[in-house]
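# What the coordinates show
Here is what each chain is made of, one letter per residue.
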Amino acid sequence: MTPRWTPLAITYLVLAVGGLVGTFALNVWSVVLMRNYLLDLVQSGPAVGSIGVDIMVAAIAGSILIIVEGRRLGMRRPWLYVLVSLVTAFAFVFPLFLAMRERTLAARRMLSTAGSDDLAEPAS
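Residues numbered from 1 in each chain as written. Predicted model: local features only at pLDDT ≥ 70, side-chain atom pairs only at ≥ 80, totals over all residues. Heavy atoms only, no water.

Volume-wise, the largest pocket comes out at about 170 Å³. In terms of lining, the largest pocket is formed by Met75, Arg76, Arg77, Leu80, Tyr81, Val84, Met100 and Thr104. Breaking the lining of the largest pocket down by element, the ones donating at least two residues are helix 4 (79-87) and helix 5 (90-119). Taken together, the residues of the lining of the largest pocket sort by class into five nonpolar, one polar and two charged. (1 Å grid on protein atoms, 1.4 Å probe; cavity = no way out; pocket = protein on both sides within 12 Å on 5 of 7 lines; lining within 4 Å. Points joined across faces, edges and corners; volume = space filled by probe spheres on them. Helix = DSSP H or I, 4+ residues; strand = E, 2+ residues; numbered from the N terminus. Nonpolar A, V, L, I, M, F, W, Y, C, P; charged D, E, K, R; others polar.)

If you want it as structure tokens, here you go:
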């Protein structure tokens, strides 16, 4: 049986293609213009645009992941992480979400372990 392409998988695939095309085009432009890529990073030029596209696509994909995974795990208000990233930085919000996700998963493991201990037969 072949796995199906879910709407979420297609969304991530479209973002991947957009990220590839956007960054590749700007990187090629940088090479064609014979720009100093590293110097462009601190000044301006296609390299800066490439990094902008790179960060934007990663932030969009990460935001979708935050909302979908947060809902899947029953985390409260996962959309709030995305909102906070607009006034702080995605570089802050994404690791914060991952930390809170790990706490949620650890709590679930503790509950499932505690539940399985209750089912065990008492020692004689």
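Following the structure, the description resumes.
With respect to the helices and strands, the residue Ser63 is situated in helix 3 (residues 46-73). The exposure class of Ser63 is buried, given its relative accessible area of 13%. Each residue touching Ser63, except ones within four places of it in the same chain, is listed here: Val82 and Phe90. (Buried < 20%, exposed > 50% of the residue type's maximum accessible area, 1.4 Å probe, protein only. Contact = heavy atoms within 4.5 Å.)

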